[in-house]
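An overview of the molecular structure
The chain contents come next:
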Number of protein chains: 2
Amino acid sequence: MTTMTRVPASRQPETTPLWLKLSSYLVLSDDEKLYLSELEKTIVKQPPRSDLLQQGERYRDVRIIRDGWAIRHKALPDGRRQVVNFVLPGDIIGMYCTLFESADHSVTTLTQVEVASFPPERIGELFRSFPRLAAALAWSGAREEAMVAERLLSLGRRTALERTAHLIVELLRRLSVVNMAADGHFVLPVTQEILADALGLSIVHINRTLRRLRDSGLIELNGQRITVNDVRQLASVGQFDELYLHLIRAPRRLERTFSDNRSPRSGGRDEQAKA
Amino acid sequence: MTTMTRVPASRQPETTPLWLKLSSYLVLSDDEKLYLSELEKTIVKQPPRSDLLQQGERYRDVRIIRDGWAIRHKALPDGRRQVVNFVLPGDIIGMYCTLFESADHSVTTLTQVEVASFPPERIGELFRSFPRLAAALAWSGAREEAMVAERLLSLGRRTALERTAHLIVELLRRLSVVNMAADGHFVLPVTQEILADALGLSIVHINRTLRRLRDSGLIELNGQRITVNDVRQLASVGQFDELYLHLIRAPRRLERTFSDNRSPRSGGRDEQAKA
DNA sequence: CGAAAAGTTGATCTACATCAACGTGCGTGG
DNA sequence: CCACGCACGTTGATGTAGATCAACTTTTCG
C-alpha cells in the first residue's frame, strides 16, 4: 500500500501535512514535534465517499487528516445541502469535540483518506504540557472559522464567477502550504455537484461558470487536474484578499500568552518565531 | 434611554450576560465566577455606530459585551458588505486575537454598548489556572463558528423567507439565554439594510419578506420591538434545528479533559490567578 | 461491454435585484 | 415652533443572475 507513514528512524522524524502547516505559523521545538508525531500515531485509512462524522451523531475521537480530501457539510431535512468547507491534509476534525454533545455537521471523504485519531482527553494534556503547540492548533481552528466567514461573504455578496474564482485561489493557497500544489496546478477531486453545494449554486450554473473561466484562459481543466494560468488575475476576479487566511507567522505576543511560563522551561529551546 | 440593564446592587455579586451564558453550559464554581468578574472589571461605554474593531487593523484587547448590540462584518473593496454575525451581550470579541496579526473583519456597534476588556495575555493565564472556565469560553467560541456555518447554509440553500425566519428564531434563542427575550418578543435594534447584509439580500427584498411574515401573522413589528407569535411555526418555516446552537450542558467527558488534574487537586485552591 | 455517474448545452422560468417614487419619523438649526 | 433635511421604510415596475427542465455526450467502473 501507499503507507510508509511513520518512518522508523530516518533522521527527519516526520514531515506530516499538519506539521508543515503548523510550521508555517511558528517554529516548533523538537519536543513539540515529537509530541505531535505521537498524536498522529494511530492511523486508519478510509475509503472514498465514506463518513468520518455524521450530523447528529456523538463526537468520537479527534482526527487529523494526513492524506486525501473530505468535505464538511450540513444538510436540510429536505435534502438541500451546503458544503461548509473542504478538509485537506493537515486539517483537524473535531478539535473541540469535547465541548459538544453531538455534531451539527457531517464530514465525508471525497478520496481515499488517511486519518490519524486520538482521544479528545489528550487535548487537555496538550494545553497543559505543550501550550505553544496548543496555540498553533488553536490558530488552525480559528483560521477555519475565518474561512467559513469568508465563504459566507462569497455566498452573500459575490457573483457566481467571483465565488468560483475565489474558491479556486483559496484552495491553491491552502494546498501550497502542505506542498500539494505547484506552479498553479493541483488535483481537485471534486464533482461539479460538490462545487455547486460549496458555492450555493446549481450544478448547471457551476458548469457554465467554469466554462467562462476556461474560455477566458484563466484556468485549465483536464480530468481532476486544474491549472491556474494567471493567479493574479484570478484572484482579482474573485476579489481575493488573503488576509483571512492568516498565513503570516505567529505574532510576538503569542509567546507571552501561551508559553508555559509556569514550569521551568527546558534548556535553551526558546526560539521565538522568526519574523 | 431604554437601559436599566444591570441591577444596581443586588446581593448577587454579579450576574453578567457572559456569566448567564456560560452557566447555561456548565456550573461554575465560586472561584471561577470570581475570576470571571475580575476579567470584566475594566468597563467602557461605546456609542452607537462606532467601531470596536476594524478590518485590517491590529488586534487589541479581548472584549466582552455586557450590554448592547454589535455586528461582525466583512466588506469587499467595492463596498458590498456581509454581516457575519450579530454580537450580543455575553459574547466575546477577539478571543483568539493573540493568534492573529490583524483582524479580517470589523465589529461595529448598533446601539450604545458596554464592553469589558482585558489584555490577551490573560487568556493563557486562564487556560493554566481555570481550565474549566477556559473550556466554557472555548465552547462559546466554537458555538460562534457553528452559527456562522449555519448562516452559510442559509445563504447557500435557504430561500429569503426561510433565511429570515431562521434568523429571527436564532436571535430569539440566543437572547433568551441572557434574559433579553421573553414571551417571544425582543428589541431588534437593526435597520433593514443590516438585515439585508446579514442575509445576503437586498433591502427591498428584506422589506417584502418581513411583510410576508407579518401578513401571515407569524411575527409583529412595532418600531424595534419584534414579537414572534408562533415560534414553532416560524422555526418550521426557517427549517430551524437548534442542534447547531449546542445549548445543552457540557458533556461529562469535558471534566476529564479540561479539569486541572495536574496540580494537587481539591486540597487548597491554587489561586495564582491574580496577576 | 453495459450501466450509472458525471459533464455539457440549450430553452425557459423565477426569485430576487435594481430602479424609481413616495411616505414617515425625527433631529437640528433658523 | 416650524421646516428642512435625512435616514429609514414601503411599494410598484422592470430587469437579470442564476434555477430548473430537458436532452444529449463523455467518462468511470464493475
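Residues take numbers from 1 onward in each chain, read along the sequence in its written order. Lettering of chains starts at A and numbering of ligands starts at 1, both following the order in which they are written. Totals for whole chains, interfaces and linings use all residues, but because this is a predicted model, local features are given only for residues with pLDDT of at least 70 and pairs of side-chain atoms are given and counted only at 80 or more. The basis for every side-chain value is the complete set of non-hydrogen atoms in the structure, without hydrogens or water.

The next thing to look at is the relation of the copies chain A and chain B. Mapping chain A onto chain B is achieved by rotating through 180° and translating by 0.0 Å along the same axis, at an RMSD of 0.0 Å. The operation mapping one copy onto its partner corresponds to a two-fold rotation axis. Comparing interface residues between copies, 100% of those in chain A also sit at the interface in chain B, which points to an isologous, same-surface contact. What sets the superposition is a least-squares fit of C-alpha atoms, and only residues with pLDDT of at least 70 in both copies go into it. Here, residues are in contact when the closest pair of their heavy atoms is within 4.5 Å.

With that settled, consider the interface of chain A and chain B. With 68 residues of chain A at the contact, the number on the chain B side is 69 residues. When two components associate, each loses some accessible surface as probed by a 1.4 Å sphere; the sum of these losses over both components is called the buried area. Counting each side, the surface lost to burial between chain A and chain B is near 6100 Å², with a carbon and sulfur contribution of 58%. Across the pair R72 of chain A and E145 of chain B runs a salt bridge whose closest N-O atoms are separated by 2.7 Å. Polar contacts, as counted here, are pairs of nitrogen or oxygen atoms within 3.5 Å of one another; within protein the pair requires one atom able to donate a hydrogen and one able to accept it, and residues that are adjacent in sequence qualify only if both atoms are side-chain atoms. The interface formed by chain A and chain B contains 29 residue pairs in polar contact (both at pLDDT 80 or more). Helix and strand definitions here come from DSSP, where helices need a minimum of 4 consecutive H or I residues and strands a minimum of 2 consecutive E residues; each element is numbered from the N-terminal end. Counting only elements with at least two residues in the side of chain A that touches chain B, the list comes to β4 (70-75), β5 (81-87), α3 (121-129), α4 (131-157), α6 (192-199) and α9 (253-258) of chain A. Ranked by residue count, the leading element in the side of chain A that touches chain B is α4 of chain A, at 17 residues. Here, a salt bridge means any side-chain nitrogen of Lys or Arg that lies within 4 Å of a carboxyl oxygen of Asp or Glu.

On to the pattern of salt bridges. The tally for this structure, following the rule as stated, stands at 48 salt bridges over all chains. The partner of E162 of chain B in a salt bridge is R80 of chain A, with the nearest N and O atoms 3.0 Å apart. Pair noted here: E162 of chain B is in helix α5 (residues 160-177) and R80 of chain A is in the loop between β4 and β5, and the two residues belong to different chains. A residue is classified by how much of its surface remains accessible, and E162 of chain B, at 13% relative accessible area, is buried. Only protein chains enter the accessibility calculation, which uses a 1.4 Å probe; a residue is then buried when its area is under 20% of its type maximum, exposed when over 50%, and partly exposed in between. Overall, R80 of chain A belongs to the partly exposed group, its relative accessible area being 23%. Put simply, R66 of chain B and E114 of chain B hold a salt bridge, and the shortest N to O gap is 3.0 Å. Taken together, the residues span a long stretch of sequence, with R66 of chain B in strand β3 (residues 62-67) and E114 of chain B in strand β8 (residues 113-118) at a distance of 48 residues. When sorted by exposure, R66 of chain B lands in the same class as E114 of chain B, which is buried. If you follow the salt bridges from partner to partner, you end up with K21, D91, R151, E170 and R174 of chain A in one network.

Residue and element names in this part refer to chain B. Every axis in this analysis is a line fitted to C-alpha atoms, fitted for helices over the stretch in contact. Angles between the N-to-C directions lie between 0 and 180 degrees. Running from amino to carboxyl end, helix α6 (residues 192-199) crosses helix α7 (residues 203-215) at an angle of 100°, the nearest separation of the two axes being 8 Å. In this view, α6 runs roughly perpendicular relative to α7, as classed from their interaxial angle. Of the residues in α7, those in contact with Q192, E193, L195, A196 and L199 of α6 are I203, I206, N207 and L210. In what follows, roughly perpendicular refers to angles from 65 to 115 degrees, roughly parallel to angles under 35, roughly antiparallel to angles over 145, and oblique to any angle outside these ranges.

Next up on the list: the sheet that holds strand β5 (residues 81-87) of chain B. Note: strands within a sheet are paired through backbone hydrogen bonds, in either parallel or antiparallel orientation. Two strands are said to pair when DSSP picks up at least two bridges between them. With antiparallel pairing, the 4 strands of this open sheet are ordered in space as β2-β7-β4-β5 (chain B). The sheet is open, and its two edges are formed by β2 (51-53) and β5 of chain B, each paired on a single side. Pairs of neighbouring strands in the sheet enclose a mean axial angle of 30°, with direction left out of account. Along the sheet, α4 of chain A makes contact with β4 (70-75) and β5 of chain B, crossing β5 of chain B at roughly 130°.

Glancing now at the nonpolar core. What we call a nonpolar core is a set of buried Ala, Val, Leu, Ile, Met, Phe, Trp, Tyr and Cys residues that are connected through their side-chain atoms within 4.5 Å. Judged by nonpolar contacts, the single largest core of 89 residues is most densely connected at L22 and L99 of chain A together with L22 and L99 of chain B. Beyond its immediate stretch of four places on either side in the chain, L22 of chain A contacts L28, L36, L133, A136, L137 and W139 of chain A.

We now examine the protein's contact with DNA strand D. Near DNA strand D lie 16 residues; those nearest to it are S202 and H205 of chain A together with R49, Q192 and R211 of chain B. One heavy atom within 4 Å of a molecule or strand is enough for the residue carrying it to be called near that molecule or strand. In DNA strand D, the atoms that sit within 4 Å of the protein are 63% sugar and phosphate, with bases accounting for the remainder. Contact between DNA strand D and S202 of chain A: a phosphate oxygen at 2.8 Å from a side-chain N or O atom of the residue. In the model, a phosphate oxygen of DNA strand D is placed 2.7 Å from a nitrogen or oxygen of the Q192 of chain B side chain.

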